[in-house]
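One letter stands for each residue in the lines below.
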Amino acid sequence: MSFTDNAATSGREILPAAVVPEHYTLELTPDLESFTFDGIVHADVKIVHATSTIVVNAFELDIKAARVQLTRIKTEATLPASSITYNDKLQQATLHFDQELPADAQARVTIEFQGIHNDKMAGFYRSSYADPDGTKKYCVTTFLCPTDARRCLPCWDEPALKATFDVILNVQKDLSALSNMNIISEDAHPTLASHKTVKFARTPVMSTYLLALAVGDFEYIQAKTAPNCPALPNQVTVRVYTTRGLSNQGKFALGCAVRILEYFSAVFGEPYPLPKMDMMAAPDFSAGAMENWGLVTYRTAAILFDDKKSTALAKERVAGIVSHELAHQWFGNLVTMQWWNELWLNEGFATFVGTLAIARHLFPEWDSFVAFVGNDMARALTLDAMRSSHPIEVPVKSPAEISQIFDAISYSKGASVIRMLSSWLTEDVFLAGVRKYIQRLKYRNAATTDLWAALSEASGMDVSEFMTLWTKKVGYPVISAERQGNAVTVKQARFLSTGDATAEEDETVWWCPLAPYVGGEPTNSASVVLKQKEGTFALPAKPTAVPVDFYKLNLDQANFYRVQYAAADLARLGEAVEHGLVPTADRVGLVSDVFALAAAGYSSTVNALALLSHFKGEQEYIVLEAIAAKLSQVKTVWAMEPEPVADQLAALQRSIFAPTAHAMGWEYPDGESHLDGLKRQLAIGQAGMAGDKELVAQAKARFARFIQGDTHAIHPNLRGAVYAIVLRHSSVSPAAKGGEPHSAELEAVKAIWENESTPMDQRLAALGALGHVQDSTLLAGLLEYAMDESKVRPQDVMYPLRSVAANARAGGRVLAWKFVQQRWDELHARYQQSLSLLAHCVSIAGDFASAEFAETEVEGFFAGKDTKAVDRALMQTLEKIRAQAAWLERDRAPVQAWLAENVQN
């Protein structure tokens, strides 16, 4: 690692390279009443270049005193800082000394400081909760990623400046203290009679954003990895920490974590290096989870699961997030990206191998890689179709820019191109390369080129030759395919959500494995790669036993592009779907591609809707989920069209989902598969929301019994769907004179949300259903309710806000946008330290389909405002609105005609 001062040339907001850290000894004394903490840090550093100043990152810290002691010399003189200056814009503090510190010297920098336990879910922050007896309590914990370690201690807050840490916490005797490593001593504090001093073992060398601390009245459950696990010879103690009364809901996550640590240790050829793995449920948390080495912190809904009351979707979510975070212990913690422009090396890898662990080891029956196509890959394809997207490797300079790339490109496109590469090389060869990468770079920092080099060695191919474009260039291609006899002509061009790429925007020629198959059987796909703008390849003859002569590109949807088939080829594909000849992942991809092509103007929405006739007998949950998502997109864009169109779209939705809902019924038989249980929930929810009379009546009857105390009336998997159906299809009592309208059902669902003894996933299902009530006055009241912190935590405001915005025909879309406008200053102040939540507020306008609205309302409102922290979200929202407006204008009349002819109410 070199330490050249490249801040000027890179434009990055980084520290001067004159001083680099090697070790921190950090002692903190948190105060859970004043919400401040006192700290002292001793940083052992190397003086690389002679200097009379030391610059550190510090933000919202009050530095009381600082000094430096030169070590490893005879005098070991101590120099106090003659002055301390601050640059709030760069979040830096400069310590000035009266004499120069010599190059190549070792020194200890000591800084005494005070910080605040803010309530913004950033830095070393406070979190409130109610104990089982209703007592309000506080705990404090950290969220330091990407650049908030500087709120916790003065430090060199850059991923490449790794160091070891000794942590000491002085806490009240009745509280638990946690950090990355195991406790090595716990003694009475020498001067504070009410406190104890807790010392932790030294960490491995690591980046500052991975430091973790937590103090509170916690309880835990624990397990250990197998004592005879060959891949993990030293047993690891795994614990789940919660506030009082919740630890029992950590059992599922605990079991997953033990198995995942063992699996990854074997697959990566490198044992998990720490003696323990703690996982903590934080009451307030801005993200889903944070992968701090040895102490992973989670939002409660991301780790807690009640096996009697939680949903199957919650189980999937917990397993997926735990797997993702534990993958980071290798990808991100053991091997860390050099700078944030290569965030994908952390997040893309963790997303892919997290899915790998579920699919290959924990729950293969869940078909997680098929679900990946409909979820992660679909999100990435949607975002990367925008002009406002960005390459996987993207230049970032400031904390605001860094925070904005924690998005579907870094996570989901990163994972998708890794999956594409793994499929091409084969999984075994790919993992062999990954093992080389880890062994070569463990405890160090890496660049994308390091990964390509390791994979090239393992495969014997020049991986960088065909993968560099996928990480350095924005976007992806649509491949048009047309068959003539046994020859298929293919052409690639950049796909945009507006369908209008210019010549300058369409210069990239992607490397595209075509992975064709004929009649349901793969061809020799390794020899069929499109490396030019267009080409032709031959198809083998159809197997004689196959009734449909069809082909499909992109077997298993392993590759990151869309395909547009000629009309005759698409028709044969539809026939093949009816005959059960198209694999599940490929059916998901087919639905996704056809609707995306229609939305962008490459084809007609009528063609996409007509294709659904081939899926009338579809029985796979993941395919039905993809169909539901695409119908929802159409309904969103067509939401404000005349009543017959809305009714006909609802009828189409019922025709697809009601037969399955009625066939499966409301009761869950013993032994039903995970995916069948999810299919039941999806079918009832979709058909019920679309107004199936029998399902609506059943939902209302069961809801009435449920709120009277019959918990068996609604299976846990169905409760969120029932709440939404009931609110969507229940009448509202008119306002009495001088009063407001009233909905008994709305108040009942609110009560479910407010009941803190209910598992969090079920509470969030209730919170997210509230916006389905059919009254604009009540919807406006819900938005005010959402901002009441005594009712809704700031981290959860997006659930009611989004459900109100989705209720367009009841006025919710306009109400939600007006609410964001009117409360923008308050929202900005609340979420300016949690930028992903602030970006959600901006994107609330994204359901509109009017170019005029984009220009006059959204652009007009944000003109003159400081939007640096959310500029990507703003650009994407504007682009989405304009694309939807063009889609509606283009296909309004054909869709209306098709619905009138083909759908009966």
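What you see is a predicted model, and the numbers here were worked out from it, not measured in a lab.

Trainee: Looking at this structure, I do not really get empty space enclosed by the protein. What am I missing?
Mentor: Sizing a probe to match a water molecule and rolling it over the atoms shows the empty space that remains. According to the stated counting rule, one finds two cavities of 30 Å³ or more in the structure shown. Quantified by volume, the largest cavity comes out at close to 60 Å³. Here the lining of the largest cavity is built from residues that sort into five nonpolar, two polar and five charged. Counted as a void, the second largest cavity has a volume near 40 Å³.

Trainee: Even after reading the chapter, I still don't get the layout of surface pockets, so can you show me in this structure?
Mentor: Here the second largest pocket is characterised by a volume of approximately 990 Å³. Of all the elements in the fold, those that place two or more residues in the lining of the second largest pocket are β9 (123-130), β10 (136-143), α19 (744-754) and α20 (760-769). In terms of residue count, β9 provides more of the lining of the second largest pocket than any other element does, five residues in total. Of the residues that constitute the lining of the second largest pocket, the class distribution is 14 nonpolar, 10 polar and 13 charged. Three or more residues apiece are contributed to the lining of the second largest pocket by two domains, here domain 1 (18-215) and domain 2 (645-902).

Trainee: What's the story with the UniProt feature "domain: Peptidase M1 membrane alanine aminopeptidase" (unreviewed entry) in the protein in this structure? I'm lost.
Mentor: When the UniProt feature table is mapped to this numbering, "domain: Peptidase M1 membrane alanine aminopeptidase" (unreviewed entry) covers residues 252-470. Note that residues 252-470 is 58% helix and 9% strand, and that its end C-alpha atoms are spaced 37 Å apart.

Trainee: What's the story with the side chain of T142 in this structure? I'm lost.
Mentor: By the secondary structure assignment, T142 is in strand β10. Polar contacts involving the side chain of T142 include one to the main-chain amide nitrogen of L213, which spans 3.0 Å. Among residues more than four places away in sequence, those in contact with T142 are G123, F124, Y125, L211, A212, L213 and T297.

Trainee: Would you explain the domain arrangement of the protein in this entry?
Mentor: Bring the parts together and some accessible area is lost; that lost area is often taken as the interface size. Domain annotation for the protein reports domain 1 (18-215) and domain 2 (645-902). Placing a centre on the C-alpha atoms of domain 1 and another on those of domain 2 gives a separation of 43 Å. The interface is formed by seven residues belonging to domain 1 together with nine residues belonging to domain 2. With both chains or domains summed, domain 1 and domain 2 bury close to 650 Å², and 41% of this area falls on carbon and sulfur atoms. Looking at the side of domain 1 facing domain 2, the largest losses of area belong to K120, M121 and R151, adding up to 62% of the total buried there.

Conventions adopted
Residues numbered from 1 in each chain as written. Predicted model: local features only at pLDDT ≥ 70, side-chain atom pairs only at ≥ 80, totals over all residues. Heavy atoms only, no water. 1 Å grid on protein atoms, 1.4 Å probe; cavity = no way out; pocket = protein on both sides within 12 Å on 5 of 7 lines; lining within 4 Å. Points joined across faces, edges and corners; volume = space filled by probe spheres on them. Nonpolar A, V, L, I, M, F, W, Y, C, P; charged D, E, K, R; others polar. Helix = DSSP H or I, 4+ residues; strand = E, 2+ residues; numbered from the N terminus. Domains from an automatic or database assignment. UniProt positions renumbered as here; feature names shortened; annotations may be inferred. Polar contact = N/O pair within 3.5 Å; in protein donor to acceptor, adjacent residues only side chain to side chain. Contact = heavy atoms within 4.5 Å. Buried area = accessible area lost by both parts, 1.4 Å probe.

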